[in-house]
Amino acid sequence: MANPDWARDVARTLLEGPLPRRWAHVQGVARQARSLAPLLGDEAGLVESAAWLHDIGYSPALAVTGFHPLDGARYLRDVEHADAVLCGLVAYHSCALHEAEDRGLAAQLTEEFQSASPFLADALTYCDMTTTPDGHPVAVEDRLSEIQARYGDGHLVTRFIQRSSSHLIGAVRTIQHAQARVR
C-alpha cells in the first residue's frame with residue numbers, strides 16, 4: 001500500500017529546506033507511528049507513510065487552497081499517484097473535516113477523498129497529537145494547548161481545536177488503550 005522510505009523522501013524534499021520546524025515535527029510523528037507497529041500489524045507501513053506525509057500540504061510548493069490536508073492529499077493523488085487510502089489518511093488527518101467545514105472546503109474534501117478506517121485515522125491522530133512542533137513526545141492536552149497558544153484567540157485553527165478537542169483526545173485514548181492490550 002505504501003512505502004515509508006518513499007514517503008520520508010517526499011516529505012524531506014518538500015519540507016526540510018523551506019519548513020525545518022515542520023520537518024522536525026513530521027520526523028517525530030513518524031517515530032510515533034513506528035512505535036505503533038506491534039499494534040498496527042500489516043497496516044504499520046501505511047500509517048508510518050501517512051505520518052511522514054500528513055503535513056506536506058504546508059509546503060509553499062504545494063499550497064493552493066491554504067488548507068494543508070487538502071493540498072497535500074491532492075499532491076499525493078495527482079503528482080505522486082499514491083494509494084487512495086494513503087491520500088484519505090492525509091486528507092482527513094486529525095479531524096481535518098471539522099476545519100474544512102470552517103474554511104468552506106468540506107464539500108471539496110468529501111467529494112475528492114474517502115476517509116480511512118476509524119482505527120487507522122485514530123492511529124495517525126495519536127501520532128500527530130502526541131508530537132510537539134519540534135518533534136518531541138508530548139501529552140495530547142499539552143499539544144492542544146500549544147496549538148491554541150500558537151494561533152491565538154479567535155483564530156480559525158484555535159476554534160477548530162476547541163471544537164475538535166474531545167474527538168482528538170478520544171482518538172489518542174483509543175490508541176493508548178489498544179497499546180496497553182498489546183503489551
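Keep in mind that what you see is a predicted model, and the values were worked out from it rather than measured. (Residues numbered from 1 in each chain as written. Predicted model: local features only at pLDDT ≥ 70, side-chain atom pairs only at ≥ 80, totals over all residues. Heavy atoms only, no water.)

The next point concerns the overall build of the protein. A count of helical and extended segments in the protein gives eleven helices and zero strands. The order of α-helices and β-strands along the protein, N terminus first, is α-α-α-α-α-α-α-α-α-α-α. Computed over C-alpha atoms, the radius of gyration of the protein comes to 15 Å, within 12% of the 16 Å expected from 2.2 N^0.38 for 183 residues, which places it in the range of a compact globule. Oriented by its inertia axes, the alpha-carbon framework of the protein measures out at about 45 × 35 × 30 Å. Split into buried and exposed, the 183 residues of the protein put 51% on the buried side. Once local pairs closer than 6 in sequence are excluded, the contacts in the protein between residues at least 24 apart make up 68%. On the protein, roughly 8,200 Å² of surface is accessible, and the fraction owed to carbon and sulfur atoms is 51%. Averaged over its 16 positive side-chain charges, the protein has a centre that lies 5 Å from the centre of its 23 negative ones. (Helix = DSSP H or I, 4+ residues; strand = E, 2+ residues; numbered from the N terminus. Rg over C-alpha atoms; globule rule 2.2 N^0.38 Å. Buried < 20%, exposed > 50% of the residue type's maximum accessible area, 1.4 Å probe, protein only. Contact = heavy atoms within 4.5 Å. Areas by Shrake-Rupley, 256 points an atom, 1.4 Å probe, with all protein chains shown as cover. Lys, Arg positive; Asp, Glu negative; His and termini not counted. Charge placed at Lys NZ, Arg CZ, Asp CG, Glu CD.)

Quick look at the nonpolar core now. In this structure, Leu36, Trp52, Leu53, Ile56, Leu76 and Phe113 are the most contacted members of the largest nonpolar core, which totals 59 residues. Beyond its immediate sequence surroundings of up to four residues, Ile56 is in contact with Ala11, Leu14, Leu15, Leu62, Gly72, Tyr75 and Leu76. (Core = buried A, V, L, I, M, F, W, Y, C linked by side-chain atoms within 4.5 Å.)

Of all ten residues in helix α4 (residues 44-53), nine are buried, a share of seventy percent or more. Looking at α4, one finds that the buried residues are Ala44, Leu46, Val47, Glu48, Ser49, Ala50, Ala51, Trp52 and Leu53. In this structure, the buried side of α4 is in contact with α1 (4-16), α2 (20-35), α3 (37-40), α5 (68-78), α6 (84-92) and α9 (118-129).

These figures capture arrangement, not role.
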